[in-house]
Amino acid sequence: MSAALRVDVLTIFPEIFRPALSTSIPGIAERKGAVVYRLHDIRDFATDSHRSVDDRPYGGGPGMVMKPDPIFHCVEAAEAQDPEPAFRILLTPQGERLTQKRVEDLALKRRLLIVCGHYEGFDERVREGLRPCEISVGDYVLSGGEFAAFVLIDAVVRLLPGVLGDADSAKDESFTSGLLEYPHYTRPSEFRGMKVPEILLSGDHAKVAQWRREQAILRTRLRRADLLPEEEKEKG
Ligand code: 9D3
């Protein structure tokens, strides 16, 4: 197996991450040696007696701003732990929207360093001095970057070699890739009067595959027409 991806997370709430990253796929990825998580508490790098990591904005206005000094020191300390250069990520609502394409790109890196913000945002010199890749996880307002970091890590580590079994393999998506999923059913064949479509019980694999493809296209057209490939768009 290739060397583990190292993920450094810089946050004022490191305690959120340990249990979350030990659960489900992120935990399996770690136990299989595909990833190593390193959590860093930005507050450990505060320099004043109150251990403050935020301050009032110059020019006035509501809310607090993350101070640059603890973040720079925390980044420097984290990076000094390992000679591998880190791909720096700043999670902010102003970042580029996270897509599967970007997730695939991040899964090819050897080291990610993720800075989570809180309060109104970062002192602009964090961007200017650290030159991070700035990422948002979508157009809605979170109270901080911690859950965005977990979204990003979860999406990335499931792609690392050896993490998913063959049964879960993303390769199985070949004929429906880019579409929403077709409807899934398991036993019983009738539940509270609701029946499993006859075709799925038929054992005719070609017909099942055709039905699933039709259902995936139908569902995508109804819910997410923006995802449809060109040749399916005309059909209305
Ligand atoms: C006055 C406007 N501010 C509050 C509505 C802007 C604002 C600042 C900081 C909004 C959210 C946040 C905290 N969010 C994140 O740190 C964040 C985030 C998000 O809110 N949505 C999607 N992706 C991300 S990544 C980090």
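Figured I'd write up the structure that's included with this text. Note that this is a predicted model, so its numbers are computed, not measured. (Residues numbered from 1 in each chain as written. Predicted model: local features only at pLDDT ≥ 70, side-chain atom pairs only at ≥ 80, totals over all residues. Heavy atoms only, no water.)

Some remarks on the nonpolar core
Rules: Think of a nonpolar core as a cluster: buried Ala, Val, Leu, Ile, Met, Phe, Trp, Tyr and Cys residues, connected wherever their side-chain atoms sit within 4.5 Å. Exposed residues in this analysis have more than 50% of their type's maximum accessible area, buried residues have under 20%, and partly exposed residues fall in between, with area computed by a 1.4 Å probe over protein chains only. Secondary structure elements are taken from DSSP: a helix is a run of H or I of four residues or more, a strand is a run of E of two residues or more, and numbering for both begins at the N terminus. In what follows, a contact means two residues having at least one pair of non-hydrogen atoms within 4.5 Å.
Leu91 and Leu152 are the most contacted members of the largest nonpolar core, which has 30 residues in total. Going through the elements one at a time, β1 (5–11), α1 (14–21), β2 (35–41), β5 (87–97), α4 (100–106), β6 (111–116), β8 (133–136) and α6 (146–157) are the ones with two or more residues in this core. With seven residues, the top contributor of residues to this core is α6. In contact with Leu91, other than residues within four places in its own chain, are Ile114, Val115, Cys116, Gly117, Phe122, Ile135, Gly145, Ala148, Ala149 and Leu152. Counting 15 residues, the second-largest nonpolar core is a separate cluster that includes Ile12, Ala78, Val115 and Phe122.

Observations concerning unusual backbone geometry
Excluding glycine, residues mostly have negative phi values, and the peptide bonds linking residues are mostly trans. For the peptide bond that leads from Arg187 to Pro188, omega is 5°, which places it in the cis range. Note that Pro188 resides in the loop between α6 and β9 (190–191). Even without glycine at this site, Ser24 takes up a positive phi of about 55°. In this fold, Ser24 is placed in helix α2 (residues 24–31). At Arg51, a position not held by glycine, the phi torsion is positive, near 55°. Counting through the fold element by element, Arg51 comes out in the loop between β2 and β3 (54–55).

Focus on the site of the ligand
Heads up, the condition is: One heavy atom within 4 Å of a molecule or strand is enough for the residue carrying it to be called near that molecule or strand. Any pair of N or O atoms that falls within 3.5 Å is considered a polar contact. Within protein, one atom must be able to donate a hydrogen and the other to accept it, and sequence-neighbouring residues count only if both atoms are side-chain atoms. To measure how exposed things are, a 1.4 Å probe is used in the Shrake-Rupley method; for residues, cover is taken only from the protein chains shown. Using a grid of 1 Å spacing that covers the protein atoms alone, one calls a set of points a cavity when a 1.4 Å probe fits there but cannot get out, and a pocket when the set is open and has protein on both sides within 12 Å along at least five of seven lines; lining residues are those with an atom within 4 Å of a point. Molecules are considered to sit inside a cavity or pocket once more than half of their atoms lie within 2 Å of its grid points. Here the nonpolar group is Ala, Val, Leu, Ile, Met, Phe, Trp, Tyr, Cys and Pro; Asp, Glu, Lys and Arg are the charged ones; every other residue, Gly included, is treated as polar.
Inspection of the region around the ligand gives 16 residues, with Glu120, Val137, Gly138, Tyr140 and Leu142 positioned closest. Interatomic distance of 2.8 Å between a backbone N/O atom of Tyr140 and a nitrogen atom of the ligand. The separation between an oxygen atom of the ligand and a polar main-chain atom of Leu142 is 2.8 Å. Look at the ligand: alone it shows 560 Å² of surface, and the protein chains cover 74% of it. Taken atom by atom, the bulk of the ligand overlaps the second largest pocket. Those elements giving two or more residues to the shell around the ligand turn out to be β5 and β8. No other element matches the three residues that β5 contributes to the shell around the ligand. Grouping the constituent residues of the shell around the ligand by class yields nine nonpolar, six polar and one charged.

Looking at the pairing of β8
Note the cut-off: DSSP calls a pair of strands paired once it identifies at least 2 bridges connecting them.
What you see with β8 is no split at all: Cys133 and Ile135 on one side and Glu134 and Ser136 on the other are buried throughout. As paired elements, β5 and β8 share five bridges and run parallel to each other. In the strand pairing of β8, Glu96 is matched with Ile135.

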